Amino acid sequence: SACRVTGVKLSPGRHTLVARVALDEKRPGSAATLSIEADGLVAAKGRIDRTLKTFLNQNGFNVGGDSVTPVSPDYQLEESEFDGELPYLLVDLD
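Note that the structure is a prediction, hence the values are computed from the model and not measured.

Rules of the game
- Residues numbered from 1 in each chain as written.
- Predicted model: local features only at pLDDT ≥ 70, side-chain atom pairs only at ≥ 80, totals over all residues.
- Heavy atoms only, no water.
- Helix = DSSP H or I, 4+ residues; strand = E, 2+ residues; numbered from the N terminus.
- Buried < 20%, exposed > 50% of the residue type's maximum accessible area, 1.4 Å probe, protein only.
- Contact = heavy atoms within 4.5 Å.
- Areas by Shrake-Rupley, 256 points an atom, 1.4 Å probe, with all protein chains shown as cover.
- Patch = residues over 30% accessible without salt bridge, like charges linked within 9 Å, V, L, I, M, F, W, Y side chains within 5 Å.
- Salt bridge = Lys/Arg side-chain N within 4 Å of Asp/Glu carboxyl O.

Caption draft 1: Seen up close, the overall build of the protein chain. Helix and strand counts for the protein chain come out as 0 helices and 4 strands. The buried share among the 94 residues of the protein chain stands at 14%. Long-range contacts, defined here as pairs at least 24 residues apart, represent 31% of the contacts in the protein chain between residues at least 6 apart. In the structure as shown, the protein chain presents an accessible area of about 8200 Å², 53% of it carried by carbon and sulfur atoms.

Put into structure tokens, the structure is as follows:
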């Protein structure tokens, strides 16, 4: 799937990051568009060919790192953990 990254750069300090998943159809397994916003500006956008048909969660809800798999094949588990501060996290499953 194609992915577009805009080159938005964040300065040190507080920012608002939003990930939006827009399903093509309201059905399990539907394709979707994912957009990542930084302070209201789209920083990246791409396609998800298919989403999960069921929600499988064997190792909890991870924020900032994953003890089982890296967030990307470009990273090693040891170096992919976020070590900054998240003042709050809002998850909206609308």
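Caption draft 2: Inspection of a nonpolar patch on the surface at higher detail. Side chains of V63, F82, L86, L89, V91 and L93 sit close together on the surface and give an oily, nonpolar patch of about 620 Å² of accessible area. Tracing the chain through its elements places V63 in the segment after β4 (41–48). Using a relative accessible area of 42% as the deciding quantity, one classes V63 as partly exposed.

Caption draft 3: Region of the structure containing unusual backbone geometry. Here D39, not a glycine, exhibits a phi torsion of approximately 55°, which is positive. Within the element layout of this structure, D39 appears in the loop between β3 (32–38) and β4.

Caption draft 4: Just the pattern of salt bridges, in detail. A full pass over the atoms with the stated rule returns 3 salt bridges. In this structure, the salt-bridge partner of R47 is D24, at a minimum N-O distance of 2.7 Å. On the criterion of sequence distance, the pair formed by R47 in strand β4 and D24 in the loop between β2 (17–23) and β3 is long-range, its members being 23 residues apart. Its salt-bridge partner being R27, residue E25 comes within 3.0 Å of it at the nearest N-O pair.

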